[in-house]
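Letter by letter, the chains look like this.
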Amino acid sequence: MSAELDALTVVNQLRDLAADPLNRRAIVEDQGCLPGLILFLDHPNPQVVYSALLAVRYLAECRANREKMKGELGMMLSLQNVMQKTTSPGETKLLSSEIYEILQSAGKEEAEQAEAAAASCRRKAQFFLGSNNKRAKTVVLHIDGLDDSTRRSLCEEALLKIRGVISFTFQMAVKRCVVRIRSDLKAEALGTAINSTKVMTAQQVVKTEDGGELILPFQEDSEVLVEENTDIPDYLPEDESPSQEPDKAVTRVGSITDGIGWLSTAANFLTRSFYW
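Under the annotation held in an unreviewed UniProt entry, the protein carries the name Armadillo repeat-containing protein 1 and is attributed to Seriola lalandi dorsalis. Its UniProt record, at the heading Subunit (unreviewed entry), says of the protein: "Interacts with mitochondrial contact site and cristae organizing system (MICOS) complex components IMMT/MIC60 and MICOS10/MIC10. Interacts with mitochondrial outer membrane sorting assembly machinery (SAM) complex components SAMM50 and MTX1." According to its UniProt record, the protein has this under Function (unreviewed entry): "In association with mitochondrial contact site and cristae organizing system (MICOS) complex components and mitochondrial outer membrane sorting assembly machinery (SAM) complex components may regulate mitochondrial dynamics playing a role in determining mitochondrial length, distribution and motility."

A. Spatial organisation of the overall build of the protein. Broken down by element type, the protein carries 11 helices and 5 strands. Evaluated residue by residue, the protein yields a buried proportion of 50% over its 276 residues. Working note: accessible area of the protein is about 13,500 Å², and carbon and sulfur atoms make up 50% of it.

B. Representation of the packing of aromatic side chains within the structure. Inspection of the entire model under this criterion finds 1 aromatic pair. Ring geometry for F168 versus F170: centroids 5.7 Å apart, planes at 75°, classification edge-to-face.

C. Spotlight on the pattern of salt bridges. With the rule as written, the count across this model stands at 12 salt bridges. Here E29 ties to R25 by a salt bridge, and the two come within 3.4 Å at their closest N and O atoms. With a gap of 4 residues between them, E29 and R25 both fall in helix α2 (residues 24-29), about one helical turn apart. A salt bridge links R57 to E61; the nearest nitrogen and oxygen atoms lie 3.8 Å apart. With a relative accessible area of 3%, R57 lands in the buried category. A single network of salt bridges, built from pairs that share partners, joins R24, R57, E61, E98 and R180.

Cut-offs and rules
The residue numbering used here restarts from 1 in each chain and proceeds along that chain's sequence as written. In keeping with the predicted nature of the model, local features appear solely for residues at pLDDT of at least 70, side-chain atom pairs appear and are counted solely at 80 or more, and the whole-chain, interface and lining totals rest on all residues. Processing note: side-chain calculations cover all non-hydrogen atoms of the structure and skip hydrogens and water entirely. UniProt positions are given in the numbering used here, feature names are shortened, and annotations may be inferred rather than shown by experiment. Segments assigned H or I by DSSP are reported as helices when at least four residues long, segments assigned E as strands when at least two residues long, and all are numbered from the N terminus. The cut-offs for exposure are 20% and 50% of the maximum accessible area for each residue type, with area from a 1.4 Å probe on protein chains only; residues under the lower value are buried, those over the upper are exposed, and the others partly exposed. Computed with a 1.4 Å probe, the accessible areas rest on the Shrake-Rupley method; for each residue, only the protein chains presented here act as cover. Planes of paired rings set the category: under 30 degrees apart is stacked, over 60 is edge-to-face and the rest tilted, where pairs are Phe, Tyr or Trp rings (Trp by its six-membered ring) whose centres lie within 6.5 Å. Every case where a carboxyl oxygen of Asp or Glu lies within 4 Å of a side-chain nitrogen of Lys or Arg is listed as a salt bridge.

Structural data, given as structure tokens:
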């Protein structure tokens, strides 16, 4: 891997590594990665900031990480700055608010208290996303035709046009896409957008009561109006891990053996970039 890594490349790789639950402890315990992610939260490029927030959100899903993350120098202040910055898009403010409340609740014994704090934060974030906004939800898509990077790019373009899509993750090996969306957005809108590429078709993957998977086709005769994004920068390549909604989680992303080597490279880049 080239030593000339730019900030967006590094933060995207860290985000992808953090998507794998097996990597999260190692990333937080590394001396360079977590401080580097905090510095990325103040980066002038909004794409870098959003990708860094996604990485931090993944890391915060591991309860064992939360105390350390909360106590890391600059973490809580940087999250507050993102929430208060007038130039931050609404989805960015919402994601930052969620992370802040999760970390603020670290150390409390009752999970209900943490959930209540997060719910309170989401209510405040409705100012940015509209009064109809509720909890985000995760939809798993099986996409026939998702065979290569060209098709993946077409899929990304289609999803980025949909207002209400927060983030998404591709699992190319199994032709899956895990999409995090606002709860007021219908899953059918995702299918309509993917099908509009004319070279791919999408179906929804759900968990059955016995733990199996069920693939449900979208109604062919149902045309869902897709509201396009106009104020969200087109840089939403990654999403919320499906572990927040385990009944819809289907496949683990990445592997620790592939990730740790890159983690070392990323940490070295962060050290060279931010520490003298």
